[in-house]
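As a plain string of letters, each chain reads:
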Amino acid sequence: MAREVTRMSGLFLRTLREDPADAEVISHKLLVRAGYVRRVAPGIYSWLPLGMKVLRRVEKIIRDEMDAIGGQEVHFPALLPREPYEATGRWTEYGDTLFRLKDRKKADYLLGPTHEELFTLMVKGETSSYRDFPITLYQVQTKYRDEERPRAGILRGREFTMKDSYSFDLTDEGLAESYAKHREAYQRIFARLGLEVQIVSAMSGAMGGSASEEFLAPCEAGEDTYVRCPATGFAANVEAVTTPAPPEQSVADKPEAVVYDTPDTPTIETLVAHVNGLGLGRTFTAADTLKNVMVKTRLPGATEWTLLGVGVPGDREVDLKRLEASVSPAEVALLEDADFAANPFLTKGYIGPVGLAKNGVRYLVDPRIVTGTAWVTGADEHGRHVVDLVAGRDFTPDGTIEAAEVREGDPSPDGGGPLVAARGIEMGHIFQLGRKYAEALGLTALGADGKPATVTMGSYGVGVTRAVAAITEQHADAKGLVWPAEVAPYAVHIVVAGKDPAQAEAADRIATGLADAGLDVLLDDRKASPGVKFADAELLGMPTTLTVGRGLANGVVEVTDRASGERREVPVDDVVAEIARTG
């Protein structure tokens, strides 16, 4: 099918030579410099013509693969009423992340962060019998989340485009099958987008549900840290990593706990140095200390905060993202000076599990802190610590919590060997939601036995605008953007390198031939210097650049592969057929 030739002299485009001042990552820098997007406000971007072409190609790939597994596209409004989200508890669970507003009649609305409730209610209204199932519905829609710190351009915005799909089945086996179909479809989507992805186990968060996996695009700009075991293939977001607990030990052979004066030791480093100077006949390390971090939690809709003590080995930091995932849907915050003032039994730098128990504070510990392990920890008095405080003898935690940082070299939870760590961009997330939303909103259907059955659901998301940024992060080079063929705005970028009218005529003829062959062509017909044109061609990132220059006098043009940089001369009479065949 013939295409039109786009001439740069008429293209709505302005490229920039300098990086935007607020840009930190390569995708933010290049997409702005190349004129694909422009910032409107923090986390909010406009899309210009070239950016829209990439965005629409990404959407097409996603639609192709969703349709291939039987998905049917629908579209919901972004402005939504409060009531469905109130019914599932997410009006409060989302907290400050939700954009809330009132209409002129003071009724509550929100800008949709995700649409589980609306999908559920739609299926409830349109189905009644087992004969109506299974169903897979999807939409490509704008989402809104009031991110506290939007960053990295379109990687983490407050307005973004997302494909979300939902499967509806009457049995758990049906849900597993729908989940598997989406998992395979996502692998095809990311392959066509030219994205390398790592599938990792994940937490469900505010979405709820059981089985949960993320598709992460490995990249230093990514906000997600994940770990994998090369020996076994285990991979998980750090928030989903479970810590193998060591065997319990006997408490009978442990020395008695002794309290020592430890002045000026508010940190783990100063504490270890001090106890090693006490002449106790052994050497202590940070791993022998028990660090007690005080936080406060608040359930959705509650007004009061509750104290929580978190105990981790002293050689580890508390990972706030892991802690947040562990206490979800409650929100969590570190204690402030006012909290310590209101709870004078909390002695900063010297907090211990005994004092927390005496004052009724819930105390959760890292899974490594098992019965029979002895610790150096706070004695709940300023300038004093206790040595050989034994778990299961001198203190009993209220449970365990996954809150300590996960480090490269830690043992894999599957026992397969040490973990290696990397960073990635979350490109997709799939969940087996189960019956959470169906139960909350009354979605049932009559089964083959004539009895009502609660429908079970799956939820599957792909970041559409984020995909554009992730492709940039993985493919761009020092010169500019490098688009994979399926998402590039144009297949071929033709540069007229000189002022000779014969070059312009040849470029026009080649462009028309390529367009007639079904290729999208960008023709740089501007009256700009060759240096400016070549710099823009590299910055804009089309897969193939065709230069019509001095070689035309010898009957050849130059064809350059943007990704590899490979250049070759091709006879002008053959170039259309060759590029059409390979491109």
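Within every chain, residues take consecutive numbers counted from 1 along the sequence as written. Side-chain atom pairs in this predicted model are given and counted only at pLDDT of 80 or more, local residue features only at pLDDT of at least 70, and totals for whole chains, interfaces and linings cover all residues. Remark: hydrogens and water are excluded; side-chain values derive from all non-hydrogen atoms of the structure.

Enquirer: Describe the overall build of the chain, and please don't skip the residues or the numbers.
Expert: Looking only at helices and strands, one finds 15 helices and 30 strands in the chain. Counting only C-alpha atoms, the chain reaches 95 × 70 × 50 Å along its principal axes. Taking all 583 residues of the chain together, 49% fall into the buried category. Sequence separation of 24 or more characterises 70% of the internal contacts of the chain that already satisfy a separation of 6 or more. Areas reported here follow the Shrake-Rupley algorithm with a probe of radius 1.4 Å; residue values treat only the protein chains shown as occluding. Carbon and sulfur atoms form 50% of the exposed surface of the chain, whose accessible area is close to 26,300 Å². The convention is simple: Lys and Arg are positive, Asp and Glu are negative, and His and the chain ends are not counted. For this purpose, a charge sits on NZ of Lys, CZ of Arg, CG of Asp or CD of Glu. Counting 65 positive and 86 negative side-chain charges, the chain places the centres of these two groups 5 Å from one another. Per the convention used, a helix needs a DSSP run of H or I reaching at least four residues, while a strand needs a run of E reaching at least two, with both numbered from the N terminus. A simple rule labels every residue: compare its accessible area, found with a 1.4 Å probe on the protein chains alone, to the largest value its type can have, and call it buried under 20%, exposed over 50%, or partly exposed in between. It only takes one pair of heavy atoms within 4.5 Å for two residues to be counted as in contact.

Enquirer: Requested: an account of the sheet that holds strand E29 (residues 556–561), with residues and values cited.
Expert: With respect to topology, six strands assemble into an open sheet ordered E1-E27-E26-E28-E29-E30, the strand pairing being mixed. Every other strand in the sheet has two partners, leaving strand E1 (5–7) and strand E30 (567–571) as the edge strands with one partner each. On average, each strand axis in the sheet is inclined to that of its neighbour by 25°, with strand direction left out of account. Looking at chain direction, E1 and strand E27 (residues 521–524) are connected through three bridges and run parallel. When the bridges of E27 are listed, Thr6 appears paired with Leu522. Helix-sheet contacts for helix H13 (residues 501–516) involve E1, strand E26 (492–496), E27, strand E28 (544–548) and E29, and the interaxial angle to E26 is about 170°. Sheet contacts for helix H15 (residues 575–582): E26, E28, E29 and E30; angle to E30, the most-contacted strand, approximately 130°. At least two bridges found by DSSP between two strands are what make those strands a pair. To obtain each axis, a line is fitted to C-alpha atoms, and for helices this fit is confined to the stretch in contact; angles are then taken between N-to-C directions over 0 to 180 degrees.

Enquirer: How would you summarise the packing of aromatic side chains if you had to cite specific residues and measurements?
Expert: Pairing of aromatic rings covers Phe, Tyr and Trp, the last counted by its six-membered ring, and requires centre-to-centre distances within 6.5 Å; plane angles under 30 degrees mean stacked, over 60 mean edge-to-face, and any other angle means tilted. For the structure shown, the criterion picks out eight aromatic pairs. Centroid distance Phe190 to Phe215: 5.7 Å. Interplanar angle 40°. Geometry classified as tilted. Of this pair, Phe190 sits in helix H6 (residues 172–192) while Phe215 sits in strand E11 (residues 212–218); the two residues are 25 residues apart in sequence, bridging distant segments of the chain. Across this residue pair, the class does not change: Phe190 and Phe215 are buried. A ring pair is formed by Tyr363 and Phe395, whose centres lie 6.3 Å apart and whose planes are at 65°; its orientation type is edge-to-face. Here the residue Tyr363 occupies a position in strand E18 (residues 362–365), and Phe395 occupies one in the loop between strand E20 (384–390) and strand E21 (399–400), the gap between them amounting to 32 residues. Here Tyr363 and Phe395 have matching classes, each one buried. Ring pairs connect the aromatic residues Phe76, Phe119 and Tyr166, which therefore count as one cluster. Charge-over-ring placement is defined geometrically: NZ (Lys) or CZ (Arg) within 6 Å of the ring centre, and within 35 degrees of the ring normal. The ring of Trp91 carries Arg100 above its face, with NZ or CZ at 4.8 Å from the centroid. The positively charged end of Lys296 is found above the aromatic ring belonging to Trp305, 5.1 Å away from the centroid.

Enquirer: Quick one: what's the story with unusual backbone geometry, residue by residue and with numbers?
Expert: That bond from Phe133 to Pro134 is cis: its omega, 0°, falls within 30 degrees of zero. Summarising the element assignment, Pro134 is placed in the loop between helix H5 (116–126) and strand E8 (135–144). Residue Pro329 is bonded to the preceding Ser328 through a cis peptide linkage, with omega at 15°. Along the chain, Pro329 turns up in the loop between helix H8 (320–327) and strand E17 (331–334).

Enquirer: Tell me about empty space enclosed by the protein, and please be specific about residues and values.
Expert: Think of a 1 Å grid over the protein atoms and nothing else: a 1.4 Å probe that fits but is trapped marks a cavity, an open set flanked by protein within 12 Å on at least five of seven lines marks a pocket, and residues with an atom within 4 Å of a point count as lining. Grid points are joined across faces, edges and corners, and a volume is the space filled by probe spheres set on the points. Under the definition given, this model contains one cavity of 30 Å³ or more. Around the largest cavity, the lining residues are Arg151, Leu155, Arg156, Ala221, Gly222, Glu223, Asp224, Gly424, Ile425, Glu426 and Arg466. Considering each element in turn, the lining of the largest cavity owes the most residues, three residues, to strand E22 (residues 420–434). Taken together, the residues of the lining of the largest cavity break down into three nonpolar, two polar and six charged. When residues are grouped by polarity, Ala, Val, Leu, Ile, Met, Phe, Trp, Tyr, Cys and Pro land in nonpolar, Asp, Glu, Lys and Arg in charged, and all others, Gly among them, in polar.

Enquirer: Just give me the short version of the side chain of Gln141, but keep the residues and values in it.
Expert: Here Gln141 is to be found in strand E8. Overall, the relative accessible area of 7% leaves Gln141 in the buried class. If we skip the residues at most four places from it in the chain, Gln141 touches His75, Phe76, Pro77, Ala78, His115, Phe160, Thr161 and Met162.

Enquirer: Explain helix H7 (residues 268–275) to me, using residue names and the numbers behind them.
Expert: In an α-helix, one turn spans 3.6 residues, which is why side chains three or four residues apart end up on the same side. Within the span of H7, buried status applies to Ile268, Leu271, Val272 and Val275. The arc enclosing the buried residues of H7, seen along the axis, measures out at 95°, which places them on a common side. When the buried face of H7 is taken as reference, the exposed residues oriented beyond 90 degrees from it are Glu269 and Ala273. Residues of H7 that are buried make contact with strand E15 (290–298), strand E19 (374–381) and E20. What the arc describes is the spread of directions from the helix axis to the C-beta atoms.

Enquirer: Lay out the sheet that holds E19 in plain terms, naming residues and giving numbers.
Expert: Strand pairing within a sheet occurs via backbone hydrogen bonds; the two strands may be parallel or antiparallel. Read from one edge to the other, the open sheet built from three strands follows the order E14-E20-E19, with strand pairing classed as antiparallel. The two strands at the open ends of the sheet, each matched to only one other strand, are strand E14 (258–261) and E19. Strand-to-strand twist in this sheet, taken as the mean axis angle between neighbours without regard to direction, amounts to 30°. Bridge count for E14 against E20 is four bridges, and the pairing is antiparallel. Bridge pairing in E20 places Val259 opposite Val386.

Enquirer: Quick rundown of the layout of surface pockets? Include the residues and the values.
Expert: Quantified by volume, the second largest pocket comes out at close to 510 Å³. Going through the elements one at a time, H7, E15 and E19 are the ones with two or more residues in the lining of the second largest pocket. Looking at which element gives the most residues to the lining of the second largest pocket, the answer is E15, with five residues. Tallied by class, residues from the lining of the second largest pocket come to 13 nonpolar, seven polar and four charged.

Note that all results are geometric; they support no functional claim without further evidence.
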